[in-house]
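# Structure at a glance
Letter by letter, the chains look like this.
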Amino acid sequence: MSQAFRVPGRGRVDSARTVSFTFDGRRFQGLAGDTLASALLANGHHLMGRSFKYHRPRGAVSAGSDEPNALVAVGSGPALQTPNLRATQVELYEGLAAVSQNRFPCLQFDFGAVNTLAAPLLPAGFYYKTFMWPRGFWDKVYEPVIRRAAGLGVAPTAPDPDHYAFQYAHCDVLVAGAGPAGLAAALAAGRSGARVILADETAEAGGSLLSDRTSRIDGRPAALWVADILAELAALPNVRVLTRCTAFNYGPHNMVALNQRLTEHLADPAPGMPRERLWQVRAKEVVLAAGALERPLVFEGNDRPGVMLASAARTYLNRYGVACGKRAVIVTADDSAYRVALDLHDAGVTVTAIADLRPAPDSALVRAAQGAGLTVLPGTTIQRAHGSTRVHSVELARLLPDGSVGRGQRWRTDLVLMSGGYTPSVHLFSQSRGKLVFDEELGVYVPGEPADRTRSSGACRGVYRLADVLADGAAAGAAAAAAAGLAAVQAPSWSVDVADEPGRGGYVGALPRRGKGLLAMAFVDFQNDVTAKDVKLAVREGFQSIEHIKRYTTTGMATDQGKMSNVNALGIAADALGRPVEKVGLTTFRPPFTPVTFGAFASHARGDLFDPDRRTPIDSWARAHGAVFEDVSLWRRARYFPRGSEDMEAAVRRECLAVRGGVGIFDASTLGKIEIVGPDAATFMNRMYVNAWTKLGVGKCRYGLMCRENGFVYDDGVVGRIAQDRFHVTTTTGGAPGVLAMMEDYLQTEWPELDVWLTSTTEEWAVIALQGPKAREVLAPLVDGLDISAGALPHMSLAEGTIGGVPMRLFRVSFTGELGFEINVPARHGRAVWEAIWDAGQAAGITPYGTETMHVLRAEKGYIIVGQETDGTATPDDAGCGWAVSKAKADFVGKRSLALPAMQAPDRKQLVGLLTEAPWEVLEEGAQLVARPDEAIPMRTLGHVSSSYFSATLGRSIALAMVAGGRAREGETLYVPMEGRTIAVTVTKPVFYDVEGARLNV
Amino acid sequence: MLLIRCPYCGDRAEIEFANGGEAHIARPADPMTQTDEEWAQYLYMRDNPKGLIAERWRHAHGCNRFFNALRDTRTDRFVTTYEMGQPRPEIDAAAAAEAAR
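The rules behind these values
Counting of residues starts from 1 at the beginning of each chain's written sequence and follows it residue by residue. Chains carry letters and ligands carry numbers; both start at the beginning, A for chains and 1 for ligands, and go up in the order they are written. The predicted origin of the model limits local features to residues at a pLDDT of at least 70 and limits the giving and counting of side-chain atom pairs to 80 or more, whereas totals for whole chains, interfaces and linings rest on all residues. As a convention, hydrogens and water are excluded, and side-chain values are obtained from all of the structure's heavy atoms. UniProt positions are given in the numbering used here, feature names are shortened, and annotations may be inferred rather than shown by experiment. Secondary structure is summarised from DSSP: a helix means a run of H or I of at least four residues, a strand means a run of E of at least two, and numbering begins at the N terminus for each. Partly exposed residues are those whose accessible area sits between 20% and 50% of the maximum for their type, while under 20% is buried and over 50% is exposed, using a 1.4 Å probe and protein chains only. Residue contacts are defined here by distance: any two heavy atoms, one from each residue, within 4.5 Å place the two residues in contact. Accessible surface is estimated by sampling points in the Shrake-Rupley manner with a 1.4 Å probe; for residues, cover comes only from the protein chains shown. Within this scheme the basic residues Lys and Arg register as positive and the acidic residues Asp and Glu register as negative, but His and the chain ends are omitted. Charged side chains are reduced to one point each, which is NZ for Lys, CZ for Arg, CG for Asp and CD for Glu. Buried area is understood as the total, over both parts, of accessible area removed when two parts are fitted together, assessed with a 1.4 Å probe. By definition here, a salt bridge exists when the distance from a side-chain nitrogen of Lys or Arg to a carboxyl oxygen of Asp or Glu is within 4 Å. Identification of polar contacts relies on pairs of N or O atoms within 3.5 Å, with a donor-acceptor requirement for protein atoms, meaning one able to donate a hydrogen and the other able to accept it, and with residues adjacent in sequence counted only if both atoms are side-chain atoms. Here the nonpolar group is Ala, Val, Leu, Ile, Met, Phe, Trp, Tyr, Cys and Pro; Asp, Glu, Lys and Arg are the charged ones; every other residue, Gly included, is treated as polar. For the purposes of this analysis, a disulfide is any pair of cysteine sulfur atoms at a distance within 2.5 Å. Residues enter patches when they are more than 30% accessible in relative terms and free of salt bridges; like-charged ones are connected within 9 Å and nonpolar ones (Val, Leu, Ile, Met, Phe, Trp, Tyr) within 5 Å. The pLDDT value expresses, per residue, how confident the predictor is, ranging between 0 and 100. Aromatic pairs are defined between Phe, Tyr and Trp rings, using the six-membered ring for Trp, whenever the two ring centres lie within 6.5 Å; interplanar angles under 30 degrees are classed as stacked, those over 60 as edge-to-face, and all others as tilted. Note that the arc is computed from the directions linking the helix axis to the C-beta atoms. Only the stretch in contact is used when fitting a helix axis, every axis being a line fitted to C-alpha atoms; angles between N-to-C directions are given from 0 to 180 degrees. When an angle is under 35 degrees it counts as roughly parallel; over 145 it counts as roughly antiparallel; between 65 and 115 it counts as roughly perpendicular; any other value is oblique. Two helices crossing with the near one rotated counterclockwise from the far one by less than a right angle form a left-handed crossing, whereas a clockwise rotation gives a right-handed crossing. Each nonpolar core is a collection of buried residues, namely Ala, Val, Leu, Ile, Met, Phe, Trp, Tyr and Cys, held together in the definition by side-chain atoms within 4.5 Å. In this document the domain limits rely on a domain assignment from an automatic tool or a database.

As recorded by an unreviewed UniProt entry, chain B carries the name Sarcosine oxidase subunit delta and is attributed to Gluconacetobacter tumulisoli.

As recorded in an unreviewed UniProt entry, chain A goes by the name Sarcosine oxidase subunit alpha family protein, listed as coming from Gluconacetobacter tumulisoli. In the Sequence similarities (unreviewed entry) part of its UniProt record, chain A is described as follows: "Belongs to the GcvT family."

This is the structure we're talking about:
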């Protein structure tokens, strides 16, 4: 029979719209407006999952985001199945497919349940105690087995095809929670004109009022009041109401993250709709209206399917029109459960007994229940719930005046409702670093002094009476708007005619029981399977701090962040420690409030949008000519240009020989470029670089080397003097932002008196390097009459001119050791000029080359790459560039540090060359060097290989290395220990080709 | 995410800024006259207070200007930000207590 537990005429579901869905492959029917949990319960189906450790059968215990048990996977396929969703929050849609988790072979019968029998062997800290030895077993045996047995859902295995949106927002007042307090706060703030965002995690605003058939506000049923308020809020243009939107993280300075689920509830979402949206809201003021959560009671079998929170049963009945059973036993320490009893009684559910832990409950509600003929048992506790996949009976027993428990009596039931009172939901307040204070009267922690501009209102600060909640919310909303700078307006007020007074009772800790209960399974943390015994054991074993007890037992550490369990665990620990609860303290509440998908966090930052992709003006040409690319910082650079079936090695050999024997063309646009201009430009350069700049003539270039103040090489690059007051500085590709930042630092903070301007021009110029003995003959006809002969434009000089009419700064420089030019043209002309040179070079056999060839060519010449030869501990002298350091200057950045004794030590690592015996043997970069091959381990390493290539020009391998006292070791044999063998190398000068530089000066 | 007031641009999110370490450490006018100990002190020794720290920030993804800030290291609360070259402002007890809260 379908939906046998549906109560006609009750709930906010649409009884005219039946929705079909499957759970573990079985077809069910629910109604539009149901959650997965309410629809299953409407079909009398309580069993929804298996527990984490003991694989106990579990059903929904709550009706909201605090649900620890009913975790399911929704959706199908390797990409689309989302694990660990709370069935109490999954909205039903036509065709929804959900499966249970953590069971084998099936939910009804699960082999893992054998763990329950082994429970006495699985106490708190079991893993720590048991899997210590043998040590090697952890990786290969223990951990894989434990991981397979424990753990809940299975992560999707294929890439997520959905997309996720992201939004920054600013507002005057952010209200978290749209229950009575939140609605009142939003309206009060909204009426003042404040920009308000009201967010609620559920599908429908209204909170507890949607489950409330009793209270009347201004003479009308509470749900109608909700509709009125929502209508007014909708009409206010300054108010935005977000449902299905969870405030999950309260960051510093009132930055609150919201996760809005946009399509999860739809059977057939419009194509292109983002699945979720992550909001980062910067709020001037925050009003927390998160409500309160009912506490479960801790007794043996309190996790049996059919044992639920009383408030949950009320929500299922009044909001979803579902009776959770036919015969209910209620165990309570608070009046609110009596209202649940009356609502159930009205709906035709038999309420067998109300066991009240209090000795003499007496209030209008208690009397109303008695008046309705319900059996009220004062001073009565529950000993145990019996059943396996569904509770079938309970044992109730008298609490005797001496504190002991009397003889039990068995009651037949299929629904056990528990109410241990209410715990204010202080998660967000705690995340905002606000201090919690213990409320003696309520026996719970409530928000104290806030640390940020935030206000708690309503049940989340222990205010429970509806009239007080509305007034509290309205006052908080009005005060928040005023604090955000808006003119104060009268806070709205409402009269509450009929209402209950919940939350005045409550119970903290484990219920008293008869006998020792050595085998009792009374759960504190349902999701992590932590029992009362585990918490007591932790205390017995010496744990005193609640933070340590939490970690040892894992209570409160599951994805529900202890929403239900924290206070009870605290009570049990306090009892075991013999200290009052408020002296034991509370653990930290960590974000997220409820789990958030990785997709929401990644949002657009995936694939091509993960990082900015910097491309040069010549990138498209390189792509068209088959270049293979590599990433260099954020730049995409052509690495080599294979021809036909060439691999990288073959392509690089060909490219190297082409440059040495003819002419090569290389895209150097990624070089960092900074224009340094002003009357004090030369002075500034003198202070920033180790080199001397005063005497560098206009039209000349110089290799510039920059240290940090600690004397270590930071960056290098060729600098050209364009005019007396203007330098064209180049930096390494990756170093440009850091160099400019460092220059700005000194200019702004140390030498603000210097009249100098720094401008990043990296992306203004396309740079085309034309290198090789035939470079001049290719370039000369193109430069509109500019004389680029050796006499007019010698090595390390520059000229301004035009190339095919395009303005150009032409540098005669070389990073290859060959005759070379670097042609700087405005970026927008880069590709056209490149193609003009390409066409002109065809007769000379012009060859495009990439970064890999560039690396080999410069290594043959012993030119360093900052960051490859140097590592932040190399001085200019270490890197073989001591010649660049000016001796004459009184000061430059790093000069004083270079004078420290340690910087002169003869055994510093110095740049050298290495040659292997076998010419084909290419060393591995990063390999270590030692003095003797037979040295005992650990060997003393003398240095490491920093660059290593096969040189086609030389027909053999070459390497650069940083070696302790390296220059004095020239001619020595050192050894490179590799796996299974040792390679002997000879230390040489770091220049392998054209040592005297004859090829440059032509 | 912290909200930081650039003295030139106003309140901006933390991701626009780069922290530049402790403020009010002037580079010696003539480093070569410093002893090794003095120079090491200047180079490496920094306060690590539990409480108010004067530190440099750069509005890296904004105006790119350096400025100084007073921040409480316990709470990340900024008391004030001020332009380079200004002396460290005197803070009254009430403002310091507010920052520590």
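This part is about the overall build of chain A. Tallying secondary structure elements over chain A gives 24 helices and 50 strands in all. Expressed as lengths along the three principal axes of its C-alpha atoms, the size of chain A is roughly 115 × 70 × 55 Å. Across the 1002 residues that make up chain A, the buried fraction comes to 59%. Across chain A, contacts joining residues at least 24 apart in sequence account for 67% of those joining residues at least 6 apart. If you sum the accessible surface of chain A, you get close to 39,900 Å²; carbon and sulfur atoms cover 54% of it. Within chain A, one finds 104 positive and 105 negative side-chain charges whose respective centroids are separated by 5 Å.

This brings us to the interface of chain A and chain B. With 30 residues of chain A at the contact, the number on the chain B side is 29 residues. Summing both partners gives a buried area of about 2,400 Å² for chain A against chain B, and 49% of it is carried by carbon and sulfur. Ranking the residues of chain A by area buried against chain B places His 253, Gln 748 and Arg 896 of chain A at the top, with a combined share of 26%. Between the two partners, chain A and chain B, sit four salt bridges. Its salt-bridge partner being Arg 56 of chain B, residue Asp 745 of chain A comes within 2.6 Å of it at the nearest N-O pair. At the junction of chain A with chain B, the criterion picks out 18 residue pairs in polar contact (both at pLDDT 80 or more). Those elements giving two or more residues to the side of chain A that touches chain B turn out to be α20 (736-750) and α24 (895-898) of chain A. At seven residues, α20 of chain A tops the list of elements feeding residues into the side of chain A that touches chain B. Its residues placed into classes, the side of chain A that touches chain B shows 14 nonpolar, five polar and eleven charged.

Put plainly, a disulfide is one covalent bond tying together the sulfur atoms of two cysteines. Counted under the stated rule, the structure contains zero disulfides over all chains. Lacking any disulfide linkage, Cys 63 of chain B is separated from the closest cysteine sulfur, that of Cys 9 of chain B, by 3.7 Å.

Moving on to the UniProt feature "domain: SoxA A3" (unreviewed entry) in chain A. Feature annotation in UniProt assigns "domain: SoxA A3" (unreviewed entry) to the following positions: residues 522-602 of chain A. Taken end to end, residues 522-602 of chain A has its terminal C-alpha atoms 40 Å apart, with 47% of it in helix and 6% in strand.

Taken together, Phe 104, Phe 109 and Phe 111 of chain A make up a surface patch of nonpolar side chains, about 380 Å² in accessible area. Checked against the element boundaries, Phe 111 of chain A lands in the loop between β7 (96-100) and α2 (114-117).

All names here are of chain B. For chain B, mean pLDDT is 94; residues scoring 70 or higher make up 100% of the total. Mean pLDDT values for the elements of chain B range from 86 in helix α2 (residues 93-100) up to 97 in strand β4 (residues 52-58). If you check the scores for this complex, the pTM reads 0.88 and the ipTM reads 0.97.

This brings us to the packing of aromatic side chains. All names here are of chain A. If you walk through the whole model with that rule in mind, you get 23 aromatic pairs over all chains. Between Phe 248 and Phe 601 the ring centres are 5.7 Å apart and the planes differ by 80°, which places this aromatic pair in the edge-to-face class. Remark: Phe 601 occurs in helix α16 (residues 598-602) and Phe 248 occurs in strand β13 (residues 245-251); sequence separation between them is 353 residues. Looking at Phe 248, the relative accessible area reads 3%, which means it is buried. By relative accessible area, Phe 601 is classed as partly exposed at 45%.

In an α-helix, one turn spans 3.6 residues; hence positions three or four apart end up facing the same way. All names here are of chain A. Residues Leu 365, Val 366 and Ala 369 constitute the buried set of helix α9 (residues 364-371). For α9, the angular spread of the buried residues around the axis is 100°, confining them to a single face. Exposed and facing more than 90 degrees away from the buried side of α9 are Ala 364 and Gly 371. Buried residues in α9 make contact with α8 (336-346) and β19 (350-356). In the segment just after α9, Gly 373 is the residue with positive phi, at about 90°.

Residues and elements named next belong to chain A. Interaxial distance between helix α12 (residues 532-540) and helix α14 (residues 566-577) falls to 9 Å at its minimum, and their mutual angle equals 40°. Classed by the angle they form, the pair α12 and α14 counts as oblique. The way α12 lies across α14 gives a crossing that is right-handed. Here Ala 532, Val 535, Lys 536 and Val 539 of α12 lie close against α14, whose contacting residues are Ala 569, Ile 572, Ala 573, Ala 576 and Leu 577. Looking at the contact of α12 with α14, its residues break down into eight nonpolar, no polar and one charged.

Structurally, Lys 861 of chain A can be placed in the loop between α23 (851-860) and α24. Not counting the four nearest positions on each side in its chain, Lys 861 of chain A is found in contact with Arg 660, Thr 816, Gly 817, Pro 990, Val 991, Tyr 993, Asp 994 and Gly 997 of chain A.

This part is about the nonpolar core. Residue and element names in this part refer to chain A. Leu 36, Phe 299, Tyr 316, Ile 354, Val 394, Leu 396 and Leu 417 are the most contacted members of the largest nonpolar core, which totals 84 residues. The residues touching Tyr 316, leaving out its near neighbours within four places in the chain, are Ala 37, Ser 38, Leu 41, Ala 60, Ser 62, Ala 63, Thr 88, Met 308, Gly 321, Val 322 and Cys 324. Residues Ile 197, Ala 199, Tyr 250 and Ala 522 belong to the second largest nonpolar core, which totals 45 residues.

For chain A, the assigned domains are domain 1 (14-127), domain 2 (165-292 + 424-490), domain 3 (296-420 + 504-514), domain 4 (522-610), domain 5 (671-761) and domain 6 (904-988). Of note, the centres of domain 3 of chain A and domain 5 of chain A, computed from C-alpha atoms alone, are 79 Å apart.

Taken across its eight residues, helix α19 (residues 681-688) of chain A has six buried, putting it largely inside the fold. All buried positions along α19 of chain A are accounted for by Ala 681, Ala 682, Phe 684, Met 685, Asn 686 and Met 688 of chain A.

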